Amino acid sequence: MENDNVKKEEETETRLTYTTKDFFLSTTSMHGEDLTSQLDILLPRKWMAAKVAGAFIYSVDNVETKILPGKYGIVSQINVNRKLMRRKPENVVDIQQPFNPDKFNFTKIQNKEILMNLQFLSEEPKEDSVLKRNVKEASVTLEATLIINNAPICHTHSLLVPFLEKCQPQVLNHEGLTTAIHTVLLSKSTDLRIAFNSLGGFASVNHLHFHLYYFPYTLYTETAECERLAGPCYIFKDHFAPGFVFQLENGDVDQLASSVMAVVNVFLKEKVAHNLFITRGTPLETIHTKGGMHSTVRVVLWARDFAYGAKDVSLFATAVCELAGHVPIYSLDQWDTLSENDLLPLITSVCRDDYEAILPKVTDVFQPNGI
């Protein structure tokens, strides 16, 4: 990273320590450009090292990608191996199942699957401090581990696990969401995406984690125009997957996380499964980039139908990436003739009814006497 206080430590692990001074509040709107921040350089390099070490179940070197003709420019990729070869997902019956240490979780991964650790320093270390030797440790308020997804959907597909050793269940919380937003801001690339599936929303492991990957294609979600619902909460004016949208304003990550969590807490109370997507984008009431820049971070939250039990998919599974417009396809049979019209009804049906049902409750949250 360009700022001096971000350090790469090559001991038994790679660690990035950072403060708010290391955030990039805007990026170019162009995709596929060179990755230049410290995170952008390290993560792909470590991911490739894990590949050389044989950490992945299969290769995604030659994943075929096409942008489907149509209004929304859905980006589709063929990935049959992810359906056939990935670890069997955990059976899910409730949106808030307790963490079970006997089932697979990220404390059980191999060392070669670990990419790096992130540590947020709430204040700049001071050389003249009485706690000079311990100030860094004392000021670490957030931390996360980046590990590979050994059954990736595309190049660089990784997992961000906040406070890995705490063994938190797959339930969104303020600290975890803040860490995810921080990670996007540590990147200077508009390609970096972070995604979350709740239990019942196609999460595979009941251990708090986010998906993270560089995706050098434009998604409609980045620039789709929105209208204000109430307070900081917006809704799409026109999107194939209706959802609730928030944006980073004045660099205030805590406020953004608090606004999103207000809606998440409604979902949890009502036992509504959900998906969340974080991406660079345009301000919510505009549809054009200004000066070729993506000047905000968008956080999109979808209510969706509950997927009981383990996943059973044929053509594709409608989880967070699919709602955002990135659709991995698991069957070769329909690949050559695949169209936007084939996918849109299937994606929309997953979230439309739940969105309409929860809309009044979400609106109430941001009223003066809201919960």
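Residues numbered from 1 in each chain as written. Predicted model: local features only at pLDDT ≥ 70, side-chain atom pairs only at ≥ 80, totals over all residues. Heavy atoms only, no water.

Take the pairing of strand β12 (residues 233-236) next. Residue alternation in β12 divides its side chains into two sets, Cys 233 and Ile 235 and Tyr 234 and Phe 236, and both sets are buried. Bridge analysis of strand β11 (residues 226-230) against β12 gives four bridges, and the strand direction is antiparallel. When the bridges of β12 are listed, Arg 228 appears paired with Tyr 234. The turn linking β11 back onto β12 is made up of two residues, and Gly 231 within it adopts a positive phi angle of 55°. Of the strand pairs in this sheet, β12 and strand β13 (residues 244-247) are connected by two bridges, and their pairing is antiparallel. Its bridge partner being in β13, Tyr 234 is matched across the sheet by Val 245. (Buried < 20%, exposed > 50% of the residue type's maximum accessible area, 1.4 Å probe, protein only. Helix = DSSP H or I, 4+ residues; strand = E, 2+ residues; numbered from the N terminus. Pairing = 2+ DSSP bridges.)

Here the focus is the pairing of strand β16 (residues 296-304). In terms of residue burial, β16 counts as a mostly covered element, since nine of its nine residues are buried. By the alternation rule, side chains of β16 split into Thr 296, Arg 298, Val 300, Trp 302 and Arg 304 and Val 297, Val 299, Leu 301 and Ala 303, which are all buried. Where β13 lies against β16, four bridges are found, and the strand directions are antiparallel. Bridge pairing in β16 links Phe 246 to Val 299. Where strand β14 (residues 273-281) and β16 come together, nine bridges link them in antiparallel fashion. Looking at β16, one finds that His 274 is bridged to Ala 303.

The next point concerns empty space enclosed by the protein. Per the counting criterion, the structure on display carries one cavity of 30 Å³ or more. Of the voids in this model, the largest cavity is the one considered here, and its volume is about 30 Å³. As for the largest cavity, its lining consists of Glu 90, Phe 99, Asn 100, Lys 103, Phe 104, Asn 105 and Asn 206. A per-class count over the lining of the largest cavity returns two nonpolar, three polar and two charged. (1 Å grid on protein atoms, 1.4 Å probe; cavity = no way out; pocket = protein on both sides within 12 Å on 5 of 7 lines; lining within 4 Å. Points joined across faces, edges and corners; volume = space filled by probe spheres on them. Nonpolar A, V, L, I, M, F, W, Y, C, P; charged D, E, K, R; others polar.)

Let's shift gears to unusual backbone geometry. Positive phi, close to 45°, is recorded for Phe 163, a residue that is not glycine. Of the residues examined, Phe 163 reaches a relative accessible area of 11% and is grouped as buried. The phi dihedral of Asn 250 falls on the positive side, at around 55°, and the residue is not glycine. Examined against the element boundaries, Asn 250 turns out to sit in the loop between β13 and α5 (253-270). The exposed category is assigned to Asn 250, whose relative accessible area is 82%.

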